[in-house]
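Okay, here's what each chain looks like letter by letter:
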Amino acid sequence: MFVHYPSKLCTTSMLKPLLTILSLLAGISIYGQEKPMAFKGALIYTVAGPPIQNGTIIIHKGKIVSTGGSDTKIPSNAVIIDATGKVIMPGLVDSHSHLGGPEGGDASAALNPEARAMDAINPTSDGFKKALAGGITTINVMPGSGHLMSGQTVYIKMREGKIIEDLLITNEKGLYGGLKMANGTNPMRTTPGNFPGTRAKSAAMMRELFTKALEYKSKTDKAGSDISKMPERDLRMEPLLEVMSGKRVVHFHTHLANDILTAIRLGKEFGFKPVLHHVSEGWKVAKEIAEAGVASSIITIDAPGGKMEAMGLSLETGAALEREGAAVGFHTDDGITDSRLFIRGAALMVREGMSREKAIEALTLAGARMMDLGSRVGSLEKGKDADFIILNGDPFSTYSKVEQTWVEGIKRWDILNPKDKAFLTGGYDVYSPIRSEFHHHAGEQ
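Residues numbered from 1 in each chain as written. Predicted model: local features only at pLDDT ≥ 70, side-chain atom pairs only at ≥ 80, totals over all residues. Heavy atoms only, no water.

Participant: Would you explain the overall build of the protein in this entry?
Facilitator: The helix and strand inventory of the protein stands at 11 helices and 17 strands. In the protein, buried positions account for 56% of the 445 residues. Here the contacts in the protein between residues at least 6 apart in sequence split such that 68% fall between residues at least 24 apart. Summed over all atoms, the accessible surface of the protein reaches about 19300 Å², with 54% contributed by carbon and sulfur. (Helix = DSSP H or I, 4+ residues; strand = E, 2+ residues; numbered from the N terminus. Buried < 20%, exposed > 50% of the residue type's maximum accessible area, 1.4 Å probe, protein only. Contact = heavy atoms within 4.5 Å. Areas by Shrake-Rupley, 256 points an atom, 1.4 Å probe, with all protein chains shown as cover.)

What follows is the structure in structure tokens.
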């Protein structure tokens, strides 16, 4: 049985038992979870090891205390939840989304490393409710791919918040975002101006800016601690220095096999390992991707299309990358794929040959590692954030549903709550026109 808060206290006779329940659950979502909670009896996918039948997971103050079998010792003061027949797995990690209206670079330049998505995101966007309904607890929100460098991404948790700082999650490198880069047709323009007209020019413009960043670094290195010799601060250069030092991750939009190899080549030239996003033709160069030691964040769509360079997308890409030993994760690119269908995308990859184990990892820990967040989220291990989802059946069954989504020990979405469920089953009319922003690729080729 799952504890469910009724939306209304209908009668006086109900008040006393309800207050008793609330006192037992004090802190779960209202008082900061002062008492430990133990979920017993579920099939638990920890991702850190094999699935645990009749498992137990204990959480306290937003962290995982322990995960184990039925003999796991439970604190005497813990609130016990019977999860028999349910499936518990880590909160899903979407390594590429556009929820919250992040915008990005504008028409003034093709290279905008100084632009920050966090300055544009609406933290109260109803679009994030879609993510919770789909079991997503951590997101890499990207600016668009219509530029060679659209700007800095932002890593967020699906906490409740009114300002963007409430949602930020800092990674192991001390940053809360990466850098969005792109090649292929999206950043190309046929009209003269600040944008490239060919693939060769696209790569040349990226090289030129990185070369300037190296010159900037040389000046700062020579200045040392002498502030008088420091060059004038350059906001465009700073994130590029973080990229080349390995501190800031490059999230690289790329589709065609030759574009994928160009992205890898640029990384080798300037000392960074990009995370490749989409890789529609990744199955053609899976060996090369693996040999380069770079990770791929892939997307699943029902019918390839929308642009010619994505026509080679294959549902066998996940299996091809797995066979070669390459790191692989999944993303929604929401609104290209709806966040509510995130698990479904992985199921389709399993149908085409990807292992269940790697597909579950790709939904969780692999995506976390792509953002340098693997020590905090992505698996159900002691000391990690208590981010998890509860399903009513096999994650890859078309009949299964996410029933609850928990973020740092707080229940953020519950299918038994009619207001929450509306964001699972409703269409665009459910979302506020003021608080919702949906990314689209209008104007991008």
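Still to come is the rest of the account.
Participant: Just to check I follow, could you spell out the sheet that holds strand β9 (residues 154–157) for this structure?
Facilitator: For sheets, the rule is that strands pair by backbone hydrogen bonds, running either parallel or antiparallel. Strand order in the open sheet formed by three strands is β6-β7-β9, with mixed pairing between adjacent strands. Each edge of the open sheet is held by one strand with a lone partner, namely β6 (92–97) and β9. Here the strands of the sheet are splayed against their neighbours by 20° on average, with no regard to which way each runs. Of the pairings in the sheet, the one linking strand β7 (residues 136–141) to β9 comprises four bridges and is antiparallel in character. Across the sheet, residue I139 finds its bridge partner in β9, namely I156. (Pairing = 2+ DSSP bridges. Axes fitted to C-alpha atoms, helices over the stretch in contact; angles between N-to-C directions.)

Participant: Just to check I follow, could you spell out the sheet that holds strand β10 (residues 179–182) for this structure?
Facilitator: Reading across the sheet, the six strands line up as β8-β10-β11-β12-β13-β14 and stay open at both edges, with mixed pairing between neighbours. Unpaired on one side and paired on the other, β8 (149–152) and β14 (328–330) mark the two borders of the sheet. Strand-to-strand, the axes of this sheet are offset by a mean angle of 25°, without reference to chain direction. The pairing of strand β12 (residues 275–278) with strand β13 (residues 296–298) spans three bridges and is classified as parallel. Considered in β13, the bridge of H278 is made with I298.

Participant: Quick question: what am I supposed to make of unusual backbone geometry here?
Facilitator: For residues besides glycine, phi is generally negative; the peptide bonds are generally trans as well. In this model, D334 is joined to G335 through a cis peptide bond whose omega is 10°. The topology assignment puts G335 in the loop between β14 and α8 (342–351). The phi angle at H278 is positive, at roughly 80°, despite the residue not being glycine. Mapped onto the fold, H278 is located in strand β12. The class for H278 is buried, based on a relative accessible area of 5%. A positive phi is found at D372, a non-glycine position, where the angle reads about 60°.

Participant: What should I look at first to understand the packing of aromatic side chains in this one?
Facilitator: Aromatic ring pairs are reported here in terms of the distance separating the ring centres and the angle at which the planes meet. Summed over the entire model, instances satisfying the criterion amount to five aromatic pairs. Judged by centre distance (5.2 Å) and plane angle (70°), the rings of F39 and F388 are edge-to-face. Highlighted residues: F39 in strand β1 (residues 37–44) and F388 in strand β15 (residues 388–391), separated in sequence by 349 residues. For F388, a relative accessible area of 0% puts it in the buried group. Here the aromatic rings of F388 and W406 are separated by 5.4 Å at their centres, their planes lie at 10°, and the arrangement is stacked. You can see F388 sitting in strand β15 and its partner W406 sitting in strand β16 (residues 402–407), a full 18 residues away along the chain. Classification of W406 as buried rests on a relative accessible area of 3%. One Lys or Arg, R189, reaches over the ring of F195 and ends 4.5 Å from the middle of that ring. (Phe/Tyr/Trp six-rings, centres within 6.5 Å; stacked < 30°, edge-to-face > 60°. Lys NZ or Arg CZ within 6 Å of the ring centre and 35° of its normal.)

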